[in-house]
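# Notes for the structure review
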Amino acid sequence: MSVTTPIRPEAASDTEVLTFGCRLNAFEAEVMRNLATRAGLTGTVVINTCAVTSESERQARQAIRRARRDNPDATIVVTGCAAQINAEAFAAMPEVDHVVGNADKLRPATFERIAHARRDGGATMPRVVVNDIMLVRETASHLAGDHMVEGFEGRARAFVEVQQGCDHRCTFCIIPFGRGPSRSAPVNEIVAQAERLVAAGYAEIVLTGVDLTAWGADLPGAPTLGEAVRRLLACVPSLTRLRLSSIDVAEIDDELFRLITGEPRVMPHLHLSLQAGDDMVLKRMKRRHTRAQAIAFCHAVRARRPEVAFGADLIAGFPTESDAMFENTLAMVAEAGLTWLHVFPYSARPGTPAAKMPAVPGDIVKARAARLRAAGEAARDRFLDTCIGGTEPVLVEQPGLGRTPRYAHVALSGTAETGTVVPVRLTAARDGRLEGRVL
């Protein structure tokens, strides 16, 4: 699951890209920005939508209306998962000029046609360009040659999309219908993109995907994500820090386990796609791990690399969830030793099997989400307290703010250049983040 947060470029440009949702969308926003620049596209606002919840779509529609008010003469292009799944609804909005599907949004020809249409009044670009995403098999064309990303506006870390789509059908999730089947980028293209980003000065790279740990299953010989990570680290020795986005404990291969527990350049922070801590709820979600497997994985990693901090996605109030089932999820926070929680109150997503299941009353959903968040904040604060007095290498994300290898925010005193990794003496913890002095 993803957090729906609009990501805005740091500075105005000829084409403004407003992105909602996951890190994958953040990476693709930069691909689209590059394609728009190369096409000579001007006076355009691209809304890159998310479909993880109905609230995500509501926020996107709100952003579209605001974009039209602020830019009355602009060409408004709507793309992303919500546009792929619900193209007609966005096309019906009077503010929208074009709706583009997820496959076409990464193709140079799309932006060339939009640029041409803006010049000639729209005759060369259909209002809706959304194809059947389930038929798409190609991936990583945006990692090749001139289409590579050179950097990320306003960001100190870089993202590399190595996998796309999902072959699983969790009952709460609509994203496979927005992203299509699982497709993997070849290792040589991943390495080339990483080399370019490191050469541009990025000290930390995050590997992203819809189902990241499924990487490689569709490639010749079915390599594993662990093999890709090993080759990336070997081929790009100047890469200082490598971070993985959300991973699935049911898909961790032996090589990946070896690297996350023993390779210092792989950051000691793992975000797990858990969703629940009760076996019956997990079964009804069609997740592929059990409660015991999730806890055992965390213990096994920590036994070999004690400093690792775990994050997790958790859904509160999934249909049919009883009080006892919820208590199992709540207890797992402590039993697995989770530190960073992304808590989502369950929201029915039309078109998913879970939307037809007996719902938990809304007030109970909200109360359970609040309890989970409180448990997460308490776990976070306990973790931050253990960091005080230590010295850690911190990636400076913006003036006065950075992150530790274990993903803790640090308010910095002292001078350090954005994008650099600097030693920081951690002196206090307050309001959910650390405070530290640059050494």
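As a reminder, the structure under discussion sits directly above these lines.
Here is a short report on the structure shown in this document. (Residues numbered from 1 in each chain as written. Predicted model: local features only at pLDDT ≥ 70, side-chain atom pairs only at ≥ 80, totals over all residues. Heavy atoms only, no water.)

Think of it this way: side chains of opposite charge can pair up when their charged atoms draw near. Within this structure, the stated rule accounts for 27 salt bridges. For E251, the salt bridge goes to R288, with nearest N and O atoms at 3.3 Å. Of this pair, E251 sits in the loop between β10 (241-244) and α9 (254-262) while R288 is found in the loop between α10 (279-285) and α11 (291-304), placing the two residues 37 residues apart along the sequence. For R288, a relative accessible area of 36% corresponds to the partly exposed category. For R368, the salt bridge identified is with D323, shortest N-O distance 2.7 Å. A residue pair is termed long-range when its members are at least 10 positions apart, and R368 in helix α13 (residues 362-387) and D323 in helix α12 (residues 323-336) qualify at 45 residues. For R368, a relative accessible area of 6% translates into the label buried. Connected through salt bridges with shared partners, the residues R157, E204, R241, R243, E397 and R403 form a single ionic network. (Salt bridge = Lys/Arg side-chain N within 4 Å of Asp/Glu carboxyl O. Helix = DSSP H or I, 4+ residues; strand = E, 2+ residues; numbered from the N terminus. Buried < 20%, exposed > 50% of the residue type's maximum accessible area, 1.4 Å probe, protein only.)

In a regular helix each residue adds 1.5 Å, so 13 residues correspond to 18 Å; helix α5 (residues 108-120) covers 19 Å between its end C-alpha atoms and thus fits that length. For α5, the complete set of buried residues consists of T110, F111, I114, A115 and A117. Within α5, the buried residues cover an arc of 160 degrees as seen down the axis, which keeps them to one side. (Expected span 1.5 Å × (residues − 1). Arc of directions from axis to C-beta.)

What follows concerns the sheet that holds strand β12 (residues 309-316). Spatially, β11-β12-β13 is the arrangement adopted by the 3 strands of the open sheet, whose pairing is parallel. For this open sheet the edge positions go to β11 (269-275) and β13 (338-345), each flanked by a neighbour on one side alone. Ignoring strand direction, the axes of neighbouring strands in this sheet form an average angle of 20 degrees. In this sheet, β12 lies alongside β11 in parallel orientation, the contact comprising 6 bridges. When the sheet's bridge partners are listed, L270 is paired in β12 with F310. Across the face of the sheet, α11 comes into contact with β11, β12 and β13 while running at roughly 170 degrees to β11. (Pairing = 2+ DSSP bridges. Axes fitted to C-alpha atoms, helices over the stretch in contact; angles between N-to-C directions. Contact = heavy atoms within 4.5 Å.)

Phi at A222 is positive, roughly 50 degrees, even though this residue is not glycine. Tracing the chain through its elements places A222 in the loop between β9 (204-208) and α8 (225-235).

Judged by pairing direction, the barrel is mixed, and its 5 strands sit side by side in the order β14-β15-β16-β18-β17 before closing back on the first. Shown here is a sheet whose adjacent strand axes are inclined to one another by a mean of 50 degrees, direction ignored. Pairing geometry for strand β16 (residues 409-413) and strand β18 (residues 433-438), over 4 bridges, is parallel. If you follow A411 over to β18, its bridge partner there is E435.

Within the largest apolar cluster, 79 residues are counted, with the highest numbers of intra-cluster contacts made by I205, L207, V229, L270 and F297. The element that contributes the greatest number of residues to this core is helix α1 (residues 23-38), accounting for 7 residues. Those residues in contact with L270 that sit more than four places away from it in its chain are L244, I247, I260, F297, V301, V308, A309, F310 and G311. If you look at the next biggest cluster of nonpolar residues, it comprises 25 residues, including L18, C50, V52 and V99. (Core = buried A, V, L, I, M, F, W, Y, C linked by side-chain atoms within 4.5 Å.)

A few words now on the packing of aromatic side chains. Applying the stated rule across the entire model yields 4 aromatic pairs. Relative to F310, the ring of F297 lies with its centre 6.4 Å away and its plane at 65 degrees, an arrangement referred to as edge-to-face. Here the residue F297 occupies a position in helix α11, and F310 occupies one in strand β12, the gap between them amounting to 13 residues. You'll find F297 and F310 in the same group, each marked buried. In this structure an aromatic cluster arises from ring pairing among F257, F297 and F310. When the ring centre of F177 is taken as origin, the NZ or CZ atom of R169, which lies over that ring, is 5.2 Å away. Sitting over the ring of Y407, R403 keeps its end group 3.9 Å from the ring centre. (Phe/Tyr/Trp six-rings, centres within 6.5 Å; stacked < 30°, edge-to-face > 60°. Lys NZ or Arg CZ within 6 Å of the ring centre and 35° of its normal.)

By secondary structure assignment, the location of E397 is in strand β14 (residues 391-398). Among the residues examined, E397 registers a relative accessible area of 14% and is labelled buried. Separated by 3.3 Å, the side chains of E397 and R403 make a polar contact. Filtering out sequence-adjacent residues up to four positions away, E397 remains in contact with A156, R157, G402, R403, H409 and T418. (Polar contact = N/O pair within 3.5 Å; in protein donor to acceptor, adjacent residues only side chain to side chain.)

Quick look at the environment of T171 now. Positionally, T171 belongs in the loop between β7 (163-164) and α6 (176-179). The buried category is assigned to T171, whose relative accessible area is 4%. For the pair T171 and L259, spaced 88 residues apart in sequence, the C-alpha separation works out to 32 Å. Residues in contact with T171, not counting those within four places in the same chain, are R284, M285, K286, F318, T352, P353, A354 and M357.

Attention now moves to α1. Three- or four-residue spacings in an α-helix give side chains the same orientation, since the helix completes a turn every 3.6 residues. When the terminal C-alpha atoms of α1 are compared, their 23 Å separation across 16 residues agrees well with the 22 Å that a helix rising 1.5 Å per residue should span. When you tally the buried positions in α1, you get 13 out of 16 residues, the bulk of the element.

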